Every structure is written in C-alpha cells, then in structure tokens.
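Results of the structural survey
This is what each chain is made of:
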Amino acid sequence: MSTTTATAKAAPVTAYAPATRKARRRSAGLGLLAWVVGLGFCLPALWMLLTSFHSETDAATNPPSFTAPLTLDSYKVFFGSDGGASPWPPLINSLTASLFSTLFVLLLALPAAYALSIKPVRKWTDVMFFFLSTKMLPVVAGLLPIYLFAKNIGMLDNIWLLVILYTSMNLPIAVWMMQSFLADVPVSIIEAAQMDGARLPTVLARVVAPVAAPGIAATALICFIFSWNELLFARVLTGVTAQTAPVFLTGFVTSQGLFLAQLCAASVVVSLPVLAAGFAAQDKLVQGLSLGAVK
C-alpha cells in the first residue's frame, strides 16, 4: 500500500519535469534573442564610436578596416586643437535650451495633467485630443511664420526663442504622458492633504510630485532628448550666437567632402549628455514608462 502511494506521488513530478526543462530552454532562447536584438540596435552606435578613433583615411576605406590603428586626432580637431571653431558655445546653448525648456514644460504640464486626471474637467478626452492634435501640424508648415515673427521682434539668433519654441513643442506630449501617470495617484492622499489645509501648490509639490516622480522623470527625460536633438528650427532661426550642437555637427559636411571620422567623434561627444541623463534616470524611466501597466 505504501509503495503504491509513493509511486502515485512521484508520478506528477516526473510528468512535469519535461515541461519545466522545455520552459527553461524557451526562456534561454528568448533571452539569447533579446541579446542579439539589443546588440543589433547598439551596433550603429558602436560602429560610430570605433570610426571616431580612426584617421580620415582609414574611416573612408570600403570595406571598412577593423584592424586600423586608433588615434585621438578627430577628437582633437573637434575640440579646436587645429585652430577651428570651439564646440563649447554650441554645447552650452543646447544645454541651456534643453534644460530651461524641460523645466518650463514640467511647470506647465503638471497642473494641466492634474486638472485632466485627478480633477477631471468636462469632456476631458476632447481636451486631450486637442493637445495631441497640435503635434499633427508639420514643423515645416510653421517655420516661415515663426521666422517672420522672430525677425520682426528682433529675436533671431536668440537662445531664448528656442527655449520658448521647445517648450511649446514638447508641452502637448508632456501633458499627454503625465495625465496617464497622475491618473494612478491615489485620490485619498490628496483629499487627506486638503483636509489638513494644504492648498493646490502645496498638494502638487509635496503630495502629487513625490508619488508621480517616476512618471515626471520619464517625461522630463523625453522632453530633454527632443529638445537636445532638434535641428530644423535651430538651423533656420540661429546663426552664430545661439547655434546649438546639432547645427554645429552639420559643419563637418562641407563642399570639400565628408569628414567621417571627425563627424563620428563630434556625434559621440554630442550624444554623451543624453546618454548620461538616460543612465542617471534609468530606474525612474523604467518605472515611469511601466507605471500603470500592472494593476
């Protein structure tokens, strides 16, 4: 009797063992596939990094040479060792426009998202669609009117014009994102703060902002990246004083040819602030982008 019972208890373990091994193999296969896909996405960036350490002659070879000697000449040229233009003013301009526009976007988007999520207005879905519809206008369509307006008020080649433009461009997507993040903030803690006499600015700064910090960080990082990478308005509306880093990069494509190694070196340097911001906020970014995905 005891032998039969032991056999019956051992049978399910034996039956589930192949299924467990199969699940482990499937998981390992998916993990390997994820690594391959991830390396595929990183390959262009790695190729750009490698090319930046080559000389112009080696960078222009076809097919490319993996064993070419490495050099820092392209980085020296980028930082003006040969007497060329200094990259620091464009980098500072990009940093100024990106940081200030992101700050203004957060200051404007947080109350708007609060009104559309925690204290919803009537027909809030129509309001959200209106915000998103402003992104449907092609940027080129508004370029000439903005240029003429900036010329008439004397703000051409002014970094604060870019700050205003980047704020208006990123505000709709920021409101859209933060509305979904703030919708998951418990209303009970807001009502408790209001019962204690907290006014709206205090509720936003000390109650809503700490709870929705991952979503706010994700929104801020995306707005910063959009502002940092913007080229069209910066190319047309700036000259020398307010030139940004993406505009400075276009100077490496001249009528004399394409300086590939120097362009790759400049691209690596210009990409570092965005990579550093993403690395510093990666935990908040993952939490913010997945906020509300699991109930």
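Residues numbered from 1 in each chain as written. Predicted model: local features only at pLDDT ≥ 70, side-chain atom pairs only at ≥ 80, totals over all residues. Heavy atoms only, no water.

For the rest of this paragraph, the subject is a nonpolar patch on the surface. A cluster of nonpolar side chains, contributed by Leu95, Leu99, Phe100, Leu103, Phe104, Leu107 and Trp160, occupies part of the molecular surface with about 640 Å² of accessible area. Here the nonpolar patch takes six residues from helix H4 (residues 88-117), the largest share from any one element. Tracing the sequence through the fold places Trp160 in helix H7 (residues 159-182). On the basis of relative accessibility, which here comes to 40%, the residue Trp160 falls in the partly exposed class. (Patch = residues over 30% accessible without salt bridge, like charges linked within 9 Å, V, L, I, M, F, W, Y side chains within 5 Å. Areas by Shrake-Rupley, 256 points an atom, 1.4 Å probe, with all protein chains shown as cover. Salt bridge = Lys/Arg side-chain N within 4 Å of Asp/Glu carboxyl O. Helix = DSSP H or I, 4+ residues; strand = E, 2+ residues; numbered from the N terminus. Buried < 20%, exposed > 50% of the residue type's maximum accessible area, 1.4 Å probe, protein only.)

The next thing to look at is a positive patch on the surface. The grouping of Arg21, Lys22, Arg24, Arg25 and Arg26 at the surface amounts to a positive patch. With respect to the helices and strands, the residue Arg26 is situated in helix H1 (residues 2-52). Judged by relative accessible area, Arg26 falls into the exposed class, the value being 54%. (Lys, Arg positive; Asp, Glu negative; His and termini not counted. Charge placed at Lys NZ, Arg CZ, Asp CG, Glu CD.)

Glancing now at the packing of helix H9 (residues 200-211) against helix H10 (residues 213-229). Between H9 and H10, whose axes approach to 4 Å, the crossing angle comes to 80°. Taken together, H9 and H10 sit at an angle that is classed as roughly perpendicular. Facing H9, whose interface residues are Ala209, Pro210 and Val211, H10 presents Ala213, Pro214 and Ile216. (Axes fitted to C-alpha atoms, helices over the stretch in contact; angles between N-to-C directions. Parallel < 35°, antiparallel > 145°, perpendicular 65-115°, else oblique. Contact = heavy atoms within 4.5 Å.)

Looking now at the side chain of Ser94. Structurally, the position occupied by Ser94 is in helix H4. There is a polar contact of 2.7 Å between the side chain of Ser94 and the backbone nitrogen of Ala245. (Polar contact = N/O pair within 3.5 Å; in protein donor to acceptor, adjacent residues only side chain to side chain.)

To continue, consider H4. The end-to-end C-alpha separation of H4 is 42 Å, in line with the 44 Å expected for 30 residues at 1.5 Å each. Of all the bends in H4, the largest measures some 25° and sits at Ala109, one to four residues before the proline Pro111. (Expected span 1.5 Å × (residues − 1). Bend = angle between axes of the 7 residues up to and from the residue.)

Here we come to the packing of H7 against H10. Relative to each other, H7 and H10 sit at 155°, their axes nearing to 10 Å. Classified by the interaxial angle, the pair formed by H7 and H10 is roughly antiparallel. As H7 packs across H10, the resulting crossing turns out to be right-handed. Here Tyr166, Asn170, Ala174, Met177, Met178 and Phe181 of H7 lie close against H10, whose contacting residues are Gly215, Ile216, Ala218, Thr219, Ile222, Cys223, Phe226 and Ser227. Across the contact of H7 with H10, the residue classes tally to 10 nonpolar, four polar and no charged. (Left-handed = near helix turned anticlockwise from the far one by under 90°. Nonpolar A, V, L, I, M, F, W, Y, C, P; charged D, E, K, R; others polar.)

Right, let's get into the packing of aromatic side chains. Under the counting rule described, the total for this entry stands at seven aromatic pairs. With 5.9 Å between their ring centres and 70° between their planes, Phe78 and Phe248 make a pair best called edge-to-face. You can see Phe78 sitting in helix H3 (residues 73-78) and its partner Phe248 sitting in helix H12 (residues 245-249), a full 170 residues away along the chain. There is no split in this pair, since Phe78 and Phe248 are both buried. Note on Phe224 and Trp228: the rings are 5.9 Å apart at their centroids and 25° apart in plane angle, and the pair reads as stacked. Taken together, the residues span about one helical turn, with Phe224 and Trp228 both in helix H10 at a distance of four residues. (Phe/Tyr/Trp six-rings, centres within 6.5 Å; stacked < 30°, edge-to-face > 60°.)

The next subject is the side chain of Thr238. Position of Thr238 among the secondary structure elements: in the loop between helix H11 (232-237) and H12. Note on Thr238: relative accessible area 12%, which makes it buried. From its side chain, Thr238 meets the backbone oxygen of Ala234 in a polar contact 2.2 Å long.

Here we come to the confidence of the model for the chain. With 85% of its residues at a pLDDT of 70 or more, the chain shows a mean pLDDT of 82. In the model, residues 1-11 has pLDDT below 50 throughout and makes zero contacts with residues more than four positions away in sequence or in other chains. (pLDDT = per-residue confidence, 0-100.)

Another aspect to go through is the nonpolar core. Core analysis: the biggest nonpolar cluster contains 28 residues, and Tyr114, Leu182, Ile190 and Val208 have the highest contact counts within it. When contributions to this core are tallied by element, the ones reaching two or more residues are H4, helix H5 (124-133), H7, helix H8 (187-195), H9 and H10. Examining the composition of this core, we find that seven residues originate from one element, H4, more than from any other. Within the second largest apolar cluster, 15 residues are counted, among which are Tyr75, Phe252, Val269 and Val270. (Core = buried A, V, L, I, M, F, W, Y, C linked by side-chain atoms within 4.5 Å.)

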